[in-house]
Amino acid sequence: MKKIFYAIVLLLGLFVFAACTQTSENIVILYENDVHCQIDGYSKLAALKNDFKTEENYVGVVSVGDYIQGGSMGAISRGEYIINLINKVGYDALTLGNHEFDYKIDRLNELVEMMNTKPICCNFSKIGEDSYFDSYKIVSYGDTDIAYIGVTTPTTITLSPTQFQDENGEFIYTFNSTTLYDIIQKNIDEVKKQGVDYVIALTHFGYDEFNVYNGDDITDLIKNTSGFDVVLDGHSHSVIEQKIVKDEKGNDVILSSTGTKFANIGKLTIENGNLKTELIKTETIEKTDSVVDEYIAKINEEYKEIGNRKIGETLYDLVINDEDGNRLIRFSETNLGDLCADAYYNMTGADISFVNGGGIRSTIKKGDITFNDILSVHPYNNQIVVCKLSGQKIKDFLELSMISYPYEDGSFPHVAGITFSVNTSISSSIKLDENGAFSSVEGEYRVYDIKVYNKETNQYEEIDLEKEYTFASSNYFILDLGSGMTMFKDVEIVQNNGVLDVEVLEQYITEYLDGVVGDKYKEVTPNITFDNCTFSNNKFTSIALTAATGIIFKNCSFRNNSAVTMQNGVTYINCTWDAPPKQSSRNVVVDWL
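Residues numbered from 1 in each chain as written. Predicted model: local features only at pLDDT ≥ 70, side-chain atom pairs only at ≥ 80, totals over all residues. Heavy atoms only, no water.

## Quick look at the sheet that holds strand β26 (residues 516-517)
- Taken together, the three strands give an open sheet; going across it, the order is β16-β14-β26, and neighbouring strands pair in mixed fashion. Of all the strands in the sheet, just β16 (367-370) and β26 have a single pairing partner and so form its edges.
- The sheet contact formed by strand β14 (residues 310-314) and β16 spans four bridges and is antiparallel. Bridging across to β16, Thr314 finds its partner in Gly367.
- Seen against the sheet, helix α14 (residues 501-512) touches β14, β16 and β26 and runs at an angle of roughly 70° to β14. (Pairing = 2+ DSSP bridges. Helix = DSSP H or I, 4+ residues; strand = E, 2+ residues; numbered from the N terminus. Contact = heavy atoms within 4.5 Å. Axes fitted to C-alpha atoms, helices over the stretch in contact; angles between N-to-C directions.)

## A word on the pairing of strand β6 (residues 144-152)
- For β6, the tally of buried residues reaches seven of nine residues, placing the bulk of the element in the interior.
- Where strand β5 (residues 136-141) meets β6, six bridges bridge the pair, whose relative direction is antiparallel. In the sheet register, Tyr136 faces β6, and the bridge partner there is Ile149.
- The turn linking β5 back onto β6 is made up of two residues, and Gly142 within it adopts a positive phi angle of 65°. (Buried < 20%, exposed > 50% of the residue type's maximum accessible area, 1.4 Å probe, protein only.)

## Some remarks on the environment of Phe101
- With respect to the helices, strands and loops of the structure, Phe101 is situated in the loop between β3 (93-94) and α5 (104-114).
- Put simply, Phe101 and Ile157 are 56 residues apart on the chain and 9.6 Å apart in space, counted from C-alpha to C-alpha.
- Other than its neighbours up to four places away in sequence, Phe101 contacts Leu96, Leu108, Phe124, Thr152, Thr156, Gln163, Phe164 and Phe175.

## Details of the nonpolar core
- One finds Tyr42, Tyr67, Phe124, Leu336, Leu339 and Ile374 to be the most contacted residues of the largest nonpolar core, which totals 77 residues.
- If you tally residues by element for this core, the top one is helix α10 (residues 335-348), at seven residues.
- Look past the residues within four positions of Leu339 in its chain and what remains in contact with it is Leu318, Leu505, Tyr508, Ile509, Leu513, Val517 and Tyr521.
- Grouped together as the second largest cluster of nonpolar side chains are 38 residues, Tyr405, Val441, Phe488 and Val491 included. (Core = buried A, V, L, I, M, F, W, Y, C linked by side-chain atoms within 4.5 Å.)

## Some words on the packing of helix α4 (residues 80-89) against α5
- It is the contact of α4 with α5, at a shortest axis distance of 10 Å, that shows an interaxial angle of 25°. By the criterion of interaxial angle, the relationship of α4 to α5 is roughly parallel. Seen from above, α4 lies across α5 with right-handed handedness. Contacts between α4 and α5 pair Glu80, Ile83 and Asn87 from the former with Arg107, Leu111 and Met114 from the latter.
- Here the residues of the contact of α4 with α5 sort into three nonpolar, one polar and two charged. (Parallel < 35°, antiparallel > 145°, perpendicular 65-115°, else oblique. Left-handed = near helix turned anticlockwise from the far one by under 90°. Nonpolar A, V, L, I, M, F, W, Y, C, P; charged D, E, K, R; others polar.)

## A few points about unusual backbone geometry
- Residue Pro406 is reached from Tyr405 by a cis peptide bond, and omega for that bond is 15°.
- Topologically, Pro406 is positioned in the loop between α12 (391-401) and β18 (413-416).
- The phi angle at Cys37 is positive, at roughly 70°, despite the residue not being glycine.
- When you line up the elements, Cys37 lands in the loop between β1 (24-32) and α2 (40-53).
- We classify Cys37 as buried; its relative accessible area is 8%.
- At Leu481, a residue that is not glycine, the phi angle is positive and equals roughly 55°.
- Note on placement: Leu481 falls in the loop between α13 (475-478) and β25 (493-495).

## Some thoughts on the packing of α2 against α4
- The interhelical angle for the contact between α2 and α4, taken along N-to-C directions, is 10°, at an axis separation of 9 Å. Judged by the angle between their axes, α2 and α4 are roughly parallel. Contacts between α2 and α4 pair Tyr42, Leu45, Ala46 and Lys49 from the former with Ile82, Leu85, Ile86 and Val89 from the latter.
- Counted by class, the contact of α2 with α4 contains seven nonpolar, no polar and one charged residues.

## A closer look at the sheet that holds strand β15 (residues 352-356)
- Sheet architecture is open: five strands sit in the order β18-β15-β24-β17-β25, paired in mixed fashion. Every interior strand has two partners, whereas the edge strands, β18 and β25, have only one. Averaged over neighbouring strand pairs, the angle between their axes works out to 30° when direction is ignored.
- In the packing of α12 onto the sheet, the strands contacted are β15, β17 (384-390), β18 and β24 (468-474), and the crossing angle to β17 comes to about 115°.

Right, dumping it as structure tokens:
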């Protein structure tokens, strides 16, 4: 009898042990996009992965691109630090963002060799050849097979086109913009034939919340294909927990995106055939991974000597965002944009300088300025180049840079030595070529009243369209014709000494400003006047109007914007409001009808 009793106790003990250690058959896929070198997030991601492994049998991690650029750790190591972190976390699949090409294809190839998991991208190839990288990857989670298909935005070819051309300027690489949907569908059909259970897209494509893209956004990609179960997207830094979009055959497709800089970590759960995406705020994750932490400490130590070196101080916050964290730098002048443009202008001696909003990446807080601070502002290792540019080409350049206003554009101009106005009641008539690059202006220009500062008379004078001016910017535009700026093709180069933008910014602060960013940068010095704007009540224009500083609005109409507070340094001339606006206690210049 005792033997039977002990046998029962033993069986019960084994049952209890098994029950306590049993994991579910669910599949959890963690995902991120547009991390842009935010290294601390990798430790939390690794810890989260390990935690879920105690609860679930199958846990994976994927990335939707833009990981090696956008921060000082990426710039210093040309991506290697970030790849090492990715290897330590352990990814099942990754695609490529446009910024993975920032160090050019040769460096990308070197980084791919370092990667334990190789990237996938179905639409990048040499012309006339198959995909340069594998188009997809099939991963088995127990008895469930998931196919991941990678897609990179075709606009990548306009961001730095020269690396995709031969010595004669002919394109030898393509992102297959005209056949994109056919290529994607071909790969979906191919993995379906192999009997996979789910098809997940890793698309660095972008969600157009405000309908201002010149081309398709990720919802168009979904609507023009069929067979995806989930689309994990990046590029636009959108925060989308779960959105249902119908595909070409009317089937539901889940769309999700995590934002940027590890603001969130995405979690896709597959349970009994049901799929769900959710976002976990990274700041709520307390655990970190000791192995990843150890590596981060190591690279921080390597970086400390350079990064923590004090170069000056600022009496004011130098900003790219408003106080609520909404990004301004791509549709509004800011004091940090002024500082960067002034650095280019004064340290090169050019007639005009230009820094694009997309190239200014981080705020500098009031107080000491370290080298790390300015490297975070300019993390891309761009070189300063000065060329000769005619007045007409400058006008074309400004027209293209304002093509999207009042919506965000990475080409939004922060300038010195030049002022101009923009009539936003005129729709852009820019004609782009098949690769999205500037071809011509077919109708009336939005930009007008362009004036260039004459250093001899100390006066702004009307631009001479026939005259050549010296123009300072980065190699990304002048040499690489980035963002479709074809007006720089074959221009005469005046300076190209290999000096980096971050070096020019440091030199300006330490030498020209004697180490103190002072009262000149308390507020924005406006160089752009926006004329005949009509603002209606929507999320984007509310951000623009509420957060704007140093802007001149002339002959503008504000509709359903009574909640907008009139802000510091903003001038309103002959503007109309359908309801009285609130006015801040700060200095506001108002002259409305």
